[in-house]
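What follows is each chain in one-letter form.
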Amino acid sequence: YFGKYEVYRVMHIITHSINITGQFVFSLCLECPPIGLETLKIDDFQLHASSTKRYGLGAHRGRLNIQAGLYEDDLYDGAWCAGRDDPLQWLEVDARRLTRFTGVVTQGRSSLWSSDWVTSYKVMISNDSHTWITLKNDSADLIFSANREKEIPVRNIFPLPVVARYIRVNPRSWFYGGSICMRAEILGCPLPDPNNYYHRRNEVITTDDLDFRHHSYKEMRQLMKVVNEMCPNITRIYNIGKSQNGLKLYAIEISDNPGEHKVGEPEFRYTAGAHGNEVLGRELLLLLMQFMCLEYLSGNQRIRHLVEETRIHLLPSVNPDGYEKAFEAGSELSGWSLGRWTNDGIDIHHNFPDLNSVLWEAEAKKWIPRKMFNHHIPTPEWYLSNNASVALETRALIAWMEKMPFVLGGNLQGGELVVTFPYDRTRSQGVTREQTPTPDDHVFRWLAFSYASTHRLMTDASRRVCHTEDFAKEDGTINGASWHTAAGSMNDFSYLHTNCFELSMYVGCDKFPHESELPEEWENNRESLLVFMEQVHRGIKGVVRDLQGRGIANAIISVEGIGHDVRTAADGDYWRLLNPGEYRVTARAEGYSLTTKKCEVGYAIGASRCDFTIGRSNLFRIREIMEKYNKQPIRLPARQLQAQRPRERRVGT
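Parameters at a glance
- Residues numbered from 1 in each chain as written.
- Predicted model: local features only at pLDDT ≥ 70, side-chain atom pairs only at ≥ 80, totals over all residues.
- Heavy atoms only, no water.
- UniProt positions renumbered as here; feature names shortened; annotations may be inferred.
- Helix = DSSP H or I, 4+ residues; strand = E, 2+ residues; numbered from the N terminus.
- Buried < 20%, exposed > 50% of the residue type's maximum accessible area, 1.4 Å probe, protein only.
- Contact = heavy atoms within 4.5 Å.
- Areas by Shrake-Rupley, 256 points an atom, 1.4 Å probe, with all protein chains shown as cover.
- Lys, Arg positive; Asp, Glu negative; His and termini not counted.
- Charge placed at Lys NZ, Arg CZ, Asp CG, Glu CD.
- Pairing = 2+ DSSP bridges.
- Axes fitted to C-alpha atoms, helices over the stretch in contact; angles between N-to-C directions.
- Domains from an automatic or database assignment.
- pLDDT = per-residue confidence, 0-100.
- Arc of directions from axis to C-beta.
- Polar contact = N/O pair within 3.5 Å; in protein donor to acceptor, adjacent residues only side chain to side chain.
- Disulfide = S-S within 2.5 Å.
- Phe/Tyr/Trp six-rings, centres within 6.5 Å; stacked < 30°, edge-to-face > 60°.
- Core = buried A, V, L, I, M, F, W, Y, C linked by side-chain atoms within 4.5 Å.
- Parallel < 35°, antiparallel > 145°, perpendicular 65-115°, else oblique.
- Left-handed = near helix turned anticlockwise from the far one by under 90°.
- Nonpolar A, V, L, I, M, F, W, Y, C, P; charged D, E, K, R; others polar.

The chain has the name Inactive carboxypeptidase-like protein X2 in an unreviewed UniProt entry, where Xiphophorus couchianus is given as its organism. Recorded in UniProt for the chain, the comment headed Subcellular location (unreviewed entry) runs: "Secreted". Per UniProt, the comment on the chain under Function (unreviewed entry) is "May be involved in cell-cell interactions."

Below is the structure:
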């Protein structure tokens, strides 16, 4: 018994493992998962080293895929580096329980400025951290070949599994001109120990009966089909386009009227996998669609209400080409960037037109609102040309975003634990980090906090930082531009080009966790995923109609004091995300008189109704009459003219 939800692939052969006393132990040969250096299951106190160059290069930084800060300061550097370069150095891990160790994965130092990696090493094991046994090949010590450069992980599987509590990696050679620096992960299966306090304290168990594994493109498509067949009345599968390699970008709709937009019902979207190697978000959306289907069938009132009052769209793999590359390498060997980009080398999340510059230039020239609106900013012509460096996947996303009247969206990413909100680009030229709020900053902060505060770890002040930033101090949220500036992000484009408020959820430190970690990651994110969806019902909603009761499309909804408007959908319905309070709201449309009223937003979930009826403006009526008569003066009938002339003479006298 290796843990109820841990998934191991048995190689169907019987072999032997050896414990530290030299006795052979009859066992199944299993491919064991990582014990948790990268996922932070192994805490800093479980990592030790023979020596350290400085604190920022201590043993606690020797974790697979850990990233250095841009300036590599003393606190956050990109590896463990030994204080001396000699064959007596080692990195040690205390598993805190007997573990069947099966292998080691290593990387060099994450650094823009240094080239440091280990080229070979020995492995030693111990049960008391005093007596150590070196793994041997017959009578000689085993020497494992390690890295040839600093980023690509190298995995070494032991000839036989070994059982121990402590394990050391002892570098024997390193890159010429560099130093002994290493990032590592240990592969191992913990042995059963019901009395182990550390294991019981950290154990997270899920009760959801879902498909907890990584899915290839074909398997993803099959799983979506299974969900659709289980819940045909509330789901619909469709695709929004194709990838560079011709793979369809599949989405699933969850609604009580799939395929139809109901007047007054908001539309929500989750996307994942824009960076193909950030796999956790993809699997979370596949788990979410299973969960919602099963809970709907079981009568869960919360899920039923969400499905019946919201049109939900889940797009689990925006970049399937990149995912296939990462999937082929596997969770431990894909590194930090393999599969991140599209097949033609484009970062989808930052491949959208930079509308921030267009807006800010117009504001500087005082063109708003006379010459340009503060919302629905059009896409520049150069971006639409065939020669523009725009991925097929990005074009498909934009067409989808323009077609559907989305109100709220979240894109799931990986490698951190934080929620970011617009703007993602700094307003000051040449500044890499700067608080750059939108006019809806207070709303965005609430939306971000709604996800972060219900996540199991994001706001935990005692948790270890993933890489270099302690986001828990900021309640697990941050303005995108104050983290790092990025032009043309999906979040900024969505806000400036459509009605949709879009945020990024970085859902885990490990971009591509081993599938044995998926149940715990699901528990970490499940409540957050649901709570964030429910926020689409916060604020005001309504329909803008003419005097005959017909919905008016493309009417503008303005809120006094907020310099960003939204527009009505095709049927005249609109949704405006707002925090609790009282607002003066104005509805206007071309050819109609404007109308203003007070709308109140309460604290309970459920948007406040705020409908508008607007009539034709006098100017529009005049234009309509002039167009009817081809802009010629209106010729009155002769009798009407004769009746007017005496009156005109009387007025003249």
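(A) Focus on the overall build of the chain. Across its full length, the chain holds 14 helices and 28 strands. The principal-axis extents of the C-alpha atoms in the chain amount to approximately 130 × 55 × 45 Å. Scored against the burial criterion, the 653 residues of the chain give a buried share of 56%. Nonlocal contacts in the chain, meaning residues at least 24 apart in sequence, comprise 75% of its contacts between residues at least 6 apart. For the chain, the exposed area adds up to about 29300 Å²; of that, 51% sits on carbon and sulfur atoms. Across the chain, the mean location of the 76 positive side-chain charges is 8 Å away from that of the 81 negative side-chain charges.

(B) How the structure looks around the sheet that holds strand β25 (residues 581–588). Pairing is antiparallel across the open sheet formed by four strands, whose spatial order is β23-β22-β25-β26. The sheet terminates laterally at β23 (562–567) and β26 (595–601), the two strands that pair on one side only. With direction set aside, neighbouring strand axes in the sheet form an average angle of 30°. In terms of strand pairing, β25 meets β26 through seven bridges, oriented antiparallel. Pairing of Ala587 across the sheet is with Thr595, part of β26.

(C) Up close: the sheet that holds strand β18 (residues 416–421). Pairing in this open sheet of eight strands is mixed, and the strands run β13-β14-β16-β15-β17-β20-β18-β19 from one edge to the other. Edge strands, defined here as strands with exactly one partner in the open sheet, are β13 (235–242) and β19 (477–479). Taken pair by pair, the neighbouring strands of this sheet meet at an average axis angle of 25°, ignoring direction. The sheet strands contacting helix α8 (residues 392–403) are β13, β14 (248–254), β15 (267–272), β16 (311–315) and β17 (406–413), and the helix crosses β13 at an angle near 130°.

(D) Representation of the domain arrangement of the chain within the structure. We note that the domain assignment places domain 1 (44–192), domain 2 (259–278 + 320–535) and domain 3 (540–629) within the chain. Centre-to-centre, using C-alpha coordinates, domain 1 lies 63 Å away from domain 3.

(E) Structural view of the pairing of β14. β14 sits mainly inside the fold: six of its seven residues count as buried. Examined bridge by bridge, β13 and β14 share six bridges and lie antiparallel to one another. Bridge pairing in β14 places Asn239 opposite Tyr250.

(F) Representation of unusual backbone geometry within the structure. Pro369 follows Ile368 through a cis peptide bond whose omega is 5°. Despite not being glycine, Arg96 shows a phi value in the positive range, around 65°. Looking at Arg96, the relative accessible area reads 15%, which means it is buried.

(G) Structural context of the confidence of the model for the chain. For the chain, mean pLDDT is 90; residues scoring 70 or higher make up 90% of the total. Overall, residues 1–29 carries pLDDT values under 50, and its contacts beyond four positions in sequence, including any with other chains, amount to 62 contacts.

(H) Representation of helix α4 (residues 301–309) within the structure. Considered for burial, the residues of α4 that qualify are Ile303, Leu306 and Val307. Along the axis of α4, the buried positions cluster into a sector of 95°, meaning they face one direction only. By the N-cap criterion, in which a side-chain oxygen at the helix start approaches the backbone nitrogen of a residue two or three places on, α4 is capped by Asn300, the distance to Arg302 being 3.0 Å.

(I) Main features of the state of the cysteines. Enumeration according to the criterion identifies five disulfides in this entry. Note that Cys466 is cross-linked by a disulfide to Cys509, the S-S spacing being 1.9 Å. One disulfide, between Cys466 and Cys509, carries an S-S torsion of -60° and so falls in the left-handed class. Linking Cys466 in the loop between α9 (441–452) and β19 with Cys509 in the loop between β20 (501–508) and α12 (518–534), this pair joins segments that are 43 residues apart in sequence. Taking the relative accessible area as the measure of exposure, Cys466 reaches 3% and is therefore buried.

(J) Structural context of the pairing of strand β21 (residues 540–545). The pairing of β21 with strand β24 (residues 573–576) spans four bridges and is antiparallel. Its bridge partner lying in β24, Gly542 is registered against Tyr574. Strand direction decides the pairing type here: β21 and strand β27 (residues 608–609), joined by two bridges, are parallel. Following the sheet pairing, Lys541 is matched in β27 by Arg609.

(K) Geometry of the packing of aromatic side chains. Applying the stated rule across the entire model yields 23 aromatic pairs. Where Trp132 meets Tyr166, the ring centres are 6.4 Å apart and the plane angle is 65°; that geometry is what we call edge-to-face. Highlighted residues: Trp132 in the loop between β6 (118–126) and β7 (133–134) and Tyr166 in strand β11 (residues 154–174), separated in sequence by 34 residues. A residue is classified by how much of its surface remains accessible, and Tyr166, at 11% relative accessible area, is buried.

(L) Structural context of the nonpolar core. Formed by 92 residues in total, the largest nonpolar core has its most connected members in Tyr270, Leu288, Met292 and Leu503. Among the elements that take part in this core, helix α3 (residues 279–298) stands out by supplying 11 residues, more than any other. Taken together, domain 2 (259–278 + 320–535) and domain 3 (540–629) each give at least three residues to this core, which thus spans both. Ala82, Leu135, Ala146 and Ala164 belong to the second-largest nonpolar core, a separate cluster that totals 29 residues.

(M) Structural detail: the environment of Tyr121. Tracing the backbone shows Tyr121 in strand β6. In the structure, Tyr121 is positioned 34 residues away from Pro87 in sequence and 9.0 Å away in space, judged by C-alpha atoms. Aside from chain neighbours lying at most four places away, what touches Tyr121 is Val104, Thr106, Leu142, Ile143, Phe144, Ala146, Asn156, Val169, Asn170, Pro171 and Arg172. Here Asn156 takes part through its side chain, which lies 3.0 Å from a polar atom of the side chain of Tyr121.

(N) Quick look at the packing of helix α2 (residues 217–230) against α3. Interhelical geometry of α2 versus α3 gives an angle of 15° and a closest axis separation of 10 Å. One element, α2, and the other, α3, form an angle in the roughly parallel class. The chirality of how α2 crosses α3 is left-handed. Mapping the contact onto sequence places Tyr217, Met220, Leu223, Met224, Val227 and Met230 in α2 and Arg282, Leu286, Met289, Gln290, Cys293, Leu294 and Leu297 in α3. Of the residues assigned to the contact of α2 with α3, the class counts are 11 nonpolar, one polar and one charged.

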